[in-house]
Amino acid sequence: MTTLRSPLHDEHVALNATLVDFAGWQMPVRYSGDIAEHQAVRTAAGLFDLSHMGELSIRGTDAAAFMDYALAGRVSAMKLWGAKYTMLCNDAGGVMDDLVVYRRDWDHFFIVANASNKDRVVAELTTRLEGFSASVEDVSAQIALIAVQGPLSAQITAAMCELGAEDIHAMKYYSASNVLLEGGIHAFAARTGYTGEDGFELFVGADEARAVWQLALARGTELGMIPAGLSSRDTLRLEAGMPLYGQELDEHTTPFDAGLGRIIAFGTEENPRGDFVGRAALASAKAAGSAKQLVGLVGEGRRSARTGYAVTDADGNQIGIVTSGAPSPTLGAPIAMAYVPPAMAEPGTVVGIDVRGRREEMTVTALPFYKRAS
Amino acid sequence: MANIPNELKYSAEHEWVAGDPAVGSVVTVGITEHAAEALGDIVYAEPPAVGDAITAGTVCGELESTKAVSELYSPVTGTVTEVNESLESSPETINTDAYGQGWIFKVEITAEPKDLLGSEAYAAITN
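The paragraphs below set out a description of the structure included in this document. (Residues numbered from 1 in each chain as written. Chains lettered and ligands numbered in written order. Predicted model: local features only at pLDDT ≥ 70, side-chain atom pairs only at ≥ 80, totals over all residues.)

Brief notes about the overall build of chain B
For the record, the criterion: Secondary structure elements are taken from DSSP: a helix is a run of H or I of four residues or more, a strand is a run of E of two residues or more, and numbering for both begins at the N terminus. C-alpha atoms define the radius of gyration, and 2.2 Å times the number of residues to the power 0.38 defines the globule rule. Exposure in this text rests on C-beta crowding, where 20 or more other C-beta atoms within 10 Å of a residue's own make it buried, 12 or fewer make it exposed, and counts in between make it partly exposed. The C-beta atoms are placed from the backbone.
Secondary structure assignment for chain B yields four helices and nine strands. Listing the helices and strands of chain B from first to last along the sequence gives β-β-β-α-β-β-β-β-β-α-α-β-α. For chain B, the C-alpha radius of gyration of 13 Å lies close to 14 Å, the compact-globule estimate for 127 residues. Overall size of chain B, expressed as C-alpha extent along the three principal axes, is 35 × 30 × 20 Å. Counting only residues that meet the buried cut, chain B has 44% of its 127 residues in that class.

As for the overall build of chain A
Counted only if it meets this: By the convention adopted here, residues are in contact when the distance between their C-beta atoms, placed from the backbone, does not exceed 7 Å.
Broken down by element type, chain A carries nine helices and 21 strands. Taken against the 2.2 N^0.38 rule, which gives 21 Å for 374 residues, the C-alpha radius of gyration of chain A at 21 Å falls within 12% of a compact globule. With the C-alpha coordinates of chain A rotated into their principal frame, the extents come out at 65 × 50 × 45 Å. In chain A, which comprises 374 residues, the share counted as buried stands at 49%. Considering only intrachain contacts with a sequence separation of at least 6, the fraction spanning at least 24 residues in chain A is 65%.

Quick notes on the interface of chain B and chain A
For interface size, the figure often reported is the accessible area lost on association. The condition is simple: Ten residue types, Ala, Val, Leu, Ile, Met, Phe, Trp, Tyr, Cys and Pro, are classed as nonpolar, four, Asp, Glu, Lys and Arg, as charged, and the remainder, Gly among them, as polar.
In this assembly, eight residues from chain B lie in contact with 12 residues from chain A. For the side of chain B that touches chain A, the residue count by class is three nonpolar, two polar and three charged.

Side note on the sheet that holds strand S6 (residues 59–65) of chain B
All names here are of chain B. Note the cut-off: A pair of strands counts as paired when DSSP detects no fewer than two bridges linking them. Axes here mean lines fitted to C-alpha atoms, for a helix over just the part in contact, with angles spanning 0 to 180 degrees between N-to-C directions.
Strand order in the open sheet formed by three strands is S4-S6-S7, and the pairing between neighbours is antiparallel. Every other strand in the sheet has two partners, leaving strand S4 (42–46) and strand S7 (69–73) as the edge strands with one partner each. Neighbouring strand axes in the sheet, compared pairwise and without regard to direction, differ in orientation by 25 degrees on average. The pairing of S4 with S6 spans four bridges and is antiparallel. Paired with Ala45 across the strands is Leu63, a residue of S6.

What to know about the pairing of strand S21 (residues 358–365) of chain A
All names here are of chain A. Examined bridge by bridge, strand S16 (residues 293–299) and S21 share four bridges and lie antiparallel to one another. Across the sheet, Gly299 pairs through a bridge with Met362, a residue of S21. Strand direction decides the pairing type here: strand S20 (residues 350–355) and S21, joined by six bridges, are antiparallel. What sits directly across from Asp354, in S21, is Arg359. The turn joining S20 and S21, which pair antiparallel and follow one another in sequence, is formed by two residues; a positive phi near 50 degrees is taken by Arg356.

So, the pairing of strand S14 (residues 199–205) of chain A
All names here are of chain A. Among the seven residues of S14, six are classified as buried, and the element is accordingly described as predominantly covered. Judged from the three bridges that link them, strand S13 (residues 185–190) and S14 form a sheet pairing that is antiparallel. Pairing of Phe188 across the sheet is with Phe203, part of S14.

Brief notes about the sheet that holds S20(A)
Residues and elements named next belong to chain A. The sheet built from six strands closes into a barrel, its strands ordered S16-S19-S18-S17-S20-S21 with antiparallel pairing. With strand direction ignored, the average angle separating the axes of adjacent strands in the sheet is 45 degrees. Relative to S20, strand S17 (residues 310–312) runs antiparallel, the two being bridged by two bridges. The residue bridging Thr312 from the neighbouring strand is Gly352, located in S20. Against the sheet, helix H8 (residues 230–239) touches strand S18 (318–328) and strand S19 (333–340), its axis set at about 120 degrees to S18.

A closer look at H8(A)
All names here are of chain A. Counting buried positions along H8 gives nine out of 10 residues, so the element sits mostly inside the fold. Turning to H8, its buried residues are Leu230, Ser231, Ser232, Arg233, Asp234, Thr235, Leu236, Leu238 and Glu239. Taken together, the buried residues of H8 touch strand S2 (18–22), strand S3 (25–30), helix H2 (34–43), strand S4 (46–49), S18 and S19. Downstream of H8 by a residue or two, Gly241 has a phi angle that is positive, lying close to 70 degrees.

Here we look at the packing of H2(A) against H8(A)
Residue and element names in this part refer to chain A. Definition in use: Orientation labels follow simple angle bins: below 35 degrees gives roughly parallel, above 145 gives roughly antiparallel, 65 to 115 gives roughly perpendicular, and whatever is left gives oblique. Crossings are assigned a handedness: left-handed for a near helix turned anticlockwise from the far helix by less than a right angle, right-handed for a clockwise turn.
Here H2 crosses H8 at 55 degrees, and the two axes come no closer than 8 Å. Considered as vectors, H2 and H8 are oriented oblique to each other. Like other packed secondary-structure pairs, H2 and H8 cross with a definite hand, here right-handed. Seen from H2, the contacting residues are Asp34, Glu37, His38 and Val41; seen from H8, they are Ser231, Ser232, Thr235 and Leu236. Taken together, the residues that form the contact of H2 with H8 break down as two nonpolar, four polar and two charged.

What about the environment of Val340(A)?
All names here are of chain A. Here Val340 shows up in strand S19. When the C-alpha positions of Val340 and Glu11 are compared, they lie 42 Å apart, and in sequence the two are 329 residues distant. If near-sequence neighbours (up to four positions away) are discounted, Val340 is found in contact with Lys292, Gln293, Val295, Val311, Ile319, Gly320, Ala345 and Val351.

A word on unusual backbone geometry
Going from Leu367(A) to Pro368(A), the amide bond is cis rather than trans, its omega being 5 degrees. Following the sequence through the fold, Pro368(A) ends up in the segment after S21. Located in the positive-phi region is His14(B), a residue other than glycine, with phi close to 70 degrees. You can call His14(B) buried: it has 23 C-beta atoms within 10 Å.

Some details on the environment of Pro151(A)
When you line up the elements, Pro151(A) lands in the loop between strand S10 (143–149) and helix H5 (153–159). Spatially, the C-alpha atom of Pro151(A) lies 25 Å from that of Met337(A), the residues being 186 residues apart in sequence.

In structure tokens, the structure reads:
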């Protein structure tokens, strides 16, 4: 399979980015340095090319009812211009992808899916369309996604606008708006992100990506914004306690296991919810309780736990597995997320990690590891 | 493009050797700029210990960055005589000065090194 290139590929090459193969795309893993990029997002801003993500457009008279049936959350209750984190589950209640849904009109929804799952999400949603007057369109190839993330992101993004700058400042976190960027470029601007900071995700036409990228650099560089790659994106989301599909989430994991049961809307007596895919299995899973629980871990040593490392008890027996781990630039300590038995999930519990043959200790801690000062 | 100084010798596992690589001499070992760039910001270095007997081509330590862990191979056979202790508090020196302050360990050679590369040969394998 040929690797796909972002519309911003030449920009990354010009910036001397280290490019890697990610979900079939050639994407920048870093530009200047992982830690510098991470810290820029925490203190000023980082500029991310996220054009590899999948974008789907859902329309039709039954669009809202269809979304309610197909996804775990009550999408039909979303306000116009709202954003919602939700999941696509299978019949057994396992997670097929985690998604952000934006409501662009009463009968028009915009879904952002993980690059690695995009095709499967399109196929599965299309199957679930049966009986609904609605359509699912994969618009990923036409759209570029550029994100400005960090405490100065509102200032920078507003400075990029010809029209709509006030909306950038005024909009609530997890909402969206249409803005007109300088040069007459239309952008769907969402106050969402994957870093734990304030931030804006700008969806623009793929052929306008380079102009928007350069505009962002022109407005943001003097304020300390630098381009940031996938490596810093991963340590930022890990510090923010956010799951990554393929590590914390997969088809053998329910939202409850991952501590995200709140995203499932079963409905109430006053406000019932109709059937949705996975409903029965999820209800059973909720009643039964999870056999594994996602926890945060923090270490005092220097060596980090990494994906797939065994979590062990005092006798060295494996009792769980690390899903993600890295040195935390903000905490100055190794952090990780892991699945452990519920009995070992209490904050303060000390567990062992098999780090390449040597035992390192880590302590269970509540997620997130980092929360921005609001 | 990563720098590859002419006066150093290199291993296929991206270490550099400074000094006369002959039996009885003490040489200095580090990793190349190419390797340091590939690893990213190094956050932890675990060199071999002083006194360790190490063998050319085998693992003698490890380097950890934000994104990855890399094994440190010895380019020569001998006994470790000194270790760069500043890397304990400043492992990132390997990124900022890979061929200078970022040296990792010194070793007294006990067997003739056979597979060391000159700068041109090393440049060829990193392209």
